[in-house]
Amino acid sequence: MTLKALFAAACLLVLPASASAQDATDRGMERPGDFALGSEDAPVTVIEYASVACPHCAFWHNSTWHVVKEDFVDTGRVRFVMREMITGSAPLALVGFMTARCAPDDRYFDAIDLLFTQQSAIFEAAQSESGARDEYVRIAGAVGISEEEFEACLSNEMVRGAVITAHEQAIEDGIQATPSFVINNILVTTGHSEATEGHIYMANGEPLYIDGDVIVAGQDADSFARIIEHFEAQSRE
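What this report covers is the structure whose coordinates are included nearby. (Residues numbered from 1 in each chain as written. Predicted model: local features only at pLDDT ≥ 70, side-chain atom pairs only at ≥ 80, totals over all residues. Heavy atoms only, no water.)

### Description of the sheet that holds strand 6 (residues 198-203)
Here's step 1: Spatial strand order, 1-3-2-4-5-6-7: seven strands in an open sheet with mixed pairing. Each of the sheet's edge strands pairs with one partner strand only, and the pair in question is strand 1 (35-37) and strand 7 (206-207).
Here's step 2: For strand 2 (residues 44-50) and strand 4 (residues 180-183), the ladder comprises four bridges, and the chain directions are antiparallel. The residue of strand 4 that forms the bridge with Tyr49 is Ser180.
Here's step 3: Relative to strand 3 (residues 78-84), helix 4 (residues 108-117) is tilted by about 65°, and along the sheet it contacts strand 1, strand 2 and strand 3.
Here's step 4: Lying over the sheet, helix 9 (residues 221-235) contacts strand 2, strand 3, strand 4, strand 5 (186-193) and strand 6, oriented at roughly 25° with respect to strand 4. (Pairing = 2+ DSSP bridges. Helix = DSSP H or I, 4+ residues; strand = E, 2+ residues; numbered from the N terminus. Contact = heavy atoms within 4.5 Å. Axes fitted to C-alpha atoms, helices over the stretch in contact; angles between N-to-C directions.)

### As for unusual backbone geometry
One can expect most non-glycine residues to show negative phi and most peptide bonds to be in trans.
Here's step 1: Between Thr178 and the following residue, Pro179, the backbone shows a cis peptide bond with an omega angle of -5°.
Here's step 2: By secondary structure assignment, the location of Pro179 is in the loop between helix 8 (157-172) and strand 4.
Here's step 3: Even without glycine at this site, Asn185 takes up a positive phi of about 70°.
Here's step 4: Note on placement: Asn185 falls in the loop between strand 4 and strand 5.
Here's step 5: A positive phi angle, close to 50°, is found at Asn204, a residue other than glycine.

### Quick notes on the pairing of strand 6
Here's step 1: Burial analysis of strand 6 places five of its six residues in the buried class, the great majority of the element.
Here's step 2: Where strand 5 and strand 6 come together, six bridges link them in antiparallel fashion. The residue bridging Gly191 from the neighbouring strand is Ile200, located in strand 6.
Here's step 3: Linking two consecutive strands that pair antiparallel, namely strand 6 and strand 7, is a turn of two residues; a positive phi of about 50° is found at Asn204 within it. (Buried < 20%, exposed > 50% of the residue type's maximum accessible area, 1.4 Å probe, protein only.)

### So, the nonpolar core
It is characteristic of soluble globular proteins that their nonpolar side chains tend to be buried jointly.
Here's step 1: Membership of the largest hydrophobic core comes to 61 residues, with the highest contact counts inside it found for Phe80, Ile112, Ile183, Tyr201, Phe224 and Ile227.
Here's step 2: For this core, the leading source of residues is helix 3 (residues 90-102), giving eight residues.
Here's step 3: Setting aside anything within four residues of it in sequence, one finds Ile183 in contact with Val44, Thr45, Val46, Val188, Phe224, Ile227 and Phe231.
Here's step 4: Ranked by size, the runner-up nonpolar core spans nine residues in total, among them Val81, Met85, Ala170 and Ile175. (Core = buried A, V, L, I, M, F, W, Y, C linked by side-chain atoms within 4.5 Å.)

### Some points on the environment of Pro91
Here's step 1: Note that Pro91 resides in helix 3.
Here's step 2: What makes Pro91 buried here is its relative accessible area of 9%.
Here's step 3: Taking C-alpha positions, Pro91 is 8.7 Å from Ala53, a pair spaced 38 residues apart along the chain.

Given below as C-alpha cells:
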C-alpha cells in the first residue's frame, strides 16, 4: 500500500468517539503488547496515552521527556509505558505509529522520539504537493528500516490493525484527550482552572495538589518531575 493510499484509507476510518470516562480498572497495569522502558520494579509507573500527530504531545515530549527518561526511567525510579492513540491527523498518526512498530524491537522509542521532534516538518510536508513520504522514509532509515521495508510496513494489515486496536482500547480506558497519563493508577490530565487563569494538572478529574500547591501545566519539565516525586513518595507510605 502506498503512503497516499494509506492516508486515504485512514481518512475513512470510523474511530470510536471520546466518551465520558469509564471505570477502566486495569488501565494502570502494564498489558501484554505494551511498549515500555525502565525497571519493572520501579516504584512509579507512568503510562502515557499519546499521538505522534498531537501537537500538545510533541510539546510535552520535546520539553519534558528527556528529564523523565534521564532522571527517572534510566535510574530505575519510573517504569514508562507508551500507549498509542490516533488523535490529531489520523493518517499522520497511523503512519507514524506503524513506522515505529516496524522498527527493530529496541528502536521503537527511538522512532517515537524522531516522530515528535520532526512533527513540525512532517506537518509542513503533508501540506505540500509531494506530501510527507520523504520525511517518514528519513525517520525509518534512521532507526534501521530500509525504504523497501518501509513500503512493506505500510502494507502490513496486522501492523495497521494493531495501531487501531490500541486506539480503541484507549477509548475503552476512558481516555478523552492526549496527552493523558496514568501514574500509579491515577489518571493525570490537564484542565482549566479559574483560580490560576490557566491549565493545571488534574488527578482523577480534581486539581492535583502537592504540598498545598496546584501544579500549572505546560510550564517546564520541573513541574512533571515534581508530580513523579509526589507519587514516588506516596508509594513509600
